[in-house]
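A structural walkthrough
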Amino acid sequence: MSRVQLVDAAIASPDRRALLAPIHSAFGSTPAMFRAVANSPAALKSMWAAFGALGAGVIPAKLGEQIAVAVADRNACEYCLAAHTALGRKAGASADEMSAAQMGESADPQAAAALRFALKLVDQRGQVGDGDVQALRLAGFDDEAIVEILAHVALNLFTNYVNVAFAVPVDFPAVALRRAR
């Protein structure tokens, strides 16, 4: 049971209803995570805008979802792991690719470099060095993409913390945590 109310758009205030409408349209339903965050219109605006901005960025959707599952597994966020595994499959990743991403791995060297960097950001709370950024450049990422990788990590930390801290019920097909280390 969620530790915060899951806002029901049918009885929500007009401002919350308006914020939830495009989310409902995008998913065909309103995922529980967004219903939890809707308790704060400011937080929901921030989260939804970040998803939209990064979705239009230079990092391909598939890699964004691989980063999301790596971060979710590291943070033991069952909700985000389930949601982003499903979204990763929609973005063209195979089941094996999403499973490998949970562990921070990929057969694609560029994706593998991004996943290593993402998990290093999580594990070391942003305390990375010149060599870590240089490894991304050597893998073919420019500064725009490097900053976006960090932005994907930051957004996923936000969503992981929401779901774990508030015990948001998972409403996507469950995926077992592997606890990447």
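Up top you'll find the structure we're talking about.
Residues numbered from 1 in each chain as written. Predicted model: local features only at pLDDT ≥ 70, side-chain atom pairs only at ≥ 80, totals over all residues. Heavy atoms only, no water.

All right, on to the packing of aromatic side chains then. Applying the stated criterion across every chain, the model contains six aromatic pairs. On the basis of an interplanar angle of 45° and a centroid distance of 5.7 Å, the ring pair of Phe27 and Phe34 is categorised as tilted. Seen in terms of ring centroids, Phe27 and Phe172 are 6.5 Å apart; in terms of plane orientation they differ by 75°. Their pairing is edge-to-face. Placement of the pair is Phe27 in helix α1 (residues 14-27) and Phe172 in the segment after α9 (143-165), with a sequence separation of 145 residues. Under the relative-accessibility criterion, Phe27 is labelled partly exposed at 32%. The buried category is assigned to Phe172, whose relative accessible area is 19%. (Phe/Tyr/Trp six-rings, centres within 6.5 Å; stacked < 30°, edge-to-face > 60°. Helix = DSSP H or I, 4+ residues; strand = E, 2+ residues; numbered from the N terminus. Buried < 20%, exposed > 50% of the residue type's maximum accessible area, 1.4 Å probe, protein only.)

Our next topic: the environment of Met98. Within the secondary structure layout, Met98 lies in helix α6 (residues 95-102). Put simply, Met98 and Ala174 are 76 residues apart on the chain and 13 Å apart in space, counted from C-alpha to C-alpha. Setting aside residues no more than four positions away along its own chain, Met98 makes contact with Glu65, Gln66, Val69, His84, Thr85, Gly88, Arg89 and Ala93. (Contact = heavy atoms within 4.5 Å.)

In a structure, side chains of opposite charge can pair up when their charged atoms sit close to one another. Evaluation of the coordinates by the stated rule reveals five salt bridges. Residues Lys120 and Asp132 are paired through a salt bridge, measuring 2.8 Å at the closest nitrogen-oxygen approach. With Lys120 in helix α7 (residues 109-123) and Asp132 in helix α8 (residues 130-138), this pair connects stretches of sequence that are twelve residues apart. With a shortest N-O distance of 2.7 Å, Arg137 and Asp143 are connected by a salt bridge. (Salt bridge = Lys/Arg side-chain N within 4 Å of Asp/Glu carboxyl O.)

Geometric descriptors of this kind do not, in isolation, establish any biological role.
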